[in-house]
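Descriptive structure summary
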Amino acid sequence: MTLDYRKERIKNLSDTWGGQLENDLIMTWKIPNDLFINFQNAIGLYISKAMHFNFSSDSEQIINLINKNRNDKTNVTPNGGVVPKLEYQLEFNFLLKSWCEIISTMIKPDPKLLSLFRITPNIRIKFGEETEENKNRSLNTAIPHSDAWVEGPFGLNCHVPIFGDLENNFLQFFKLKDESKFKEEFLDTSSTYNKMSWVLDYYEVDNEIKPKKNFLYISDYALLHRTYRLINSGTRVSIDTTINSGDHDVHPDRLNEYSKSVPKIGEEVFIKSKRSEKSD
């Protein structure tokens, strides 16, 4: 059973990179204020280009504009992912540069502990009310799930709340009811989240953890999570992505999204978006 290994891995990352353990399988790392502000502005600018409104450095105003342009789905998936396109690839690279600076700062005490880095993170808009298009999707992130079901068993989730109603619209974590009953099959790959719903019998909501602004959350795939909204919640913007530590493979379909080191965006690497927002 790998549960002890997973706990030791998170503890080692937290101790080495200067994080803090939220529990045995989740660590947090405080993002320096200057890096977080740069990242927040980069995300706001990126979303403004994708949703076709004028950028504002005021996060409350950004949320208001996102809500106002909710029906502009040209570059936003049903699950809230803001998709990079040819027309605003410079803003996308500006965002990636800021994200890479955050990760590089975090891992600086020992970069070798990071074995795989996902180059293109997901920028998510989670509206206070779920979109109709997403309600019945088999990979709706409001369904409790592990990223192992689509990524392979040994990755690590990265989650950063950016702005919006983070108090009432947040990433909710689940913990094992009885760790002695953990099975490796909990982390099998699956074409849908619903096919793995039997795993939920072994988990319960972890009410001790609610992600906070300015913090990066790293969690093992052995824990489940979901998008969770309280009644009358507002819109939230966050980033979610994955990294890896140790000698582990990722799903072959995802391999080309990863790098063995954190690239210097704009200096050594430029990510090009080939698809236009005008394309079908």
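Everything numeric in this text was worked out from a predicted model, so none of it was measured.

Helices and strands together make up the secondary structure of the chain, namely 5 helices and 11 strands. Contacts in the chain between residues far apart in sequence, at least 24 positions, make up 83% of those at least 6 positions apart. Accessible area of the chain: about 13,200 Å², with a carbon and sulfur share of 47%.

Two aromatic rings are characterised by how far apart their centres lie and by the angle between their planes. Counting across every chain of the model gives 10 aromatic pairs. Put simply, the rings of Phe 182, Phe 186, Trp 198, Tyr 202 and Tyr 203 pair up and form one aromatic cluster. The lysine or arginine in question, Arg 70, covers the ring of Phe 127, its NZ or CZ lying 4.4 Å from the ring centre.

This brings us to the environment of Ser 104. Residue position: Ser 104 is located in helix H4 (residues 89-107). The spatial distance from the C-alpha of Ser 104 to the C-alpha of Ser 190 is 32 Å, given a sequence separation of 86 residues.

Turning to the pattern of salt bridges, a few remarks are in order. For the structure on display, the rule yields 15 salt bridges. One salt bridge in this structure joins Arg 118 and Glu 257, with 2.6 Å as the shortest N-O distance. Here the residue Arg 118 occupies a position in strand E3 (residues 116-118), and Glu 257 occupies one in the loop between strand E10 (236-244) and strand E11 (258-259), the gap between them amounting to 139 residues. Several salt bridges share partner residues, and in doing so they unite Arg 118, Glu 151, Arg 254 and Glu 257 into one network.

With 52 residues, the main nonpolar core has Ile 47, Ile 66, Leu 216 and Ile 218 as its most contacted residues. With residues up to four places along the chain from it excluded, the contact list for Ile 66 reads Ile 47, Met 51, Phe 53, Ile 125, Phe 127, Thr 235 and Val 237. Grouped together as the second largest cluster of nonpolar side chains are 24 residues, Leu 25, Phe 174, Tyr 221 and Leu 224 included.

Definitions and limits used
Residues numbered from 1 in each chain as written. Predicted model: local features only at pLDDT ≥ 70, side-chain atom pairs only at ≥ 80, totals over all residues. Heavy atoms only, no water. Helix = DSSP H or I, 4+ residues; strand = E, 2+ residues; numbered from the N terminus. Contact = heavy atoms within 4.5 Å. Areas by Shrake-Rupley, 256 points an atom, 1.4 Å probe, with all protein chains shown as cover. Phe/Tyr/Trp six-rings, centres within 6.5 Å; stacked < 30°, edge-to-face > 60°. Lys NZ or Arg CZ within 6 Å of the ring centre and 35° of its normal. Salt bridge = Lys/Arg side-chain N within 4 Å of Asp/Glu carboxyl O. Core = buried A, V, L, I, M, F, W, Y, C linked by side-chain atoms within 4.5 Å. Buried < 20%, exposed > 50% of the residue type's maximum accessible area, 1.4 Å probe, protein only.

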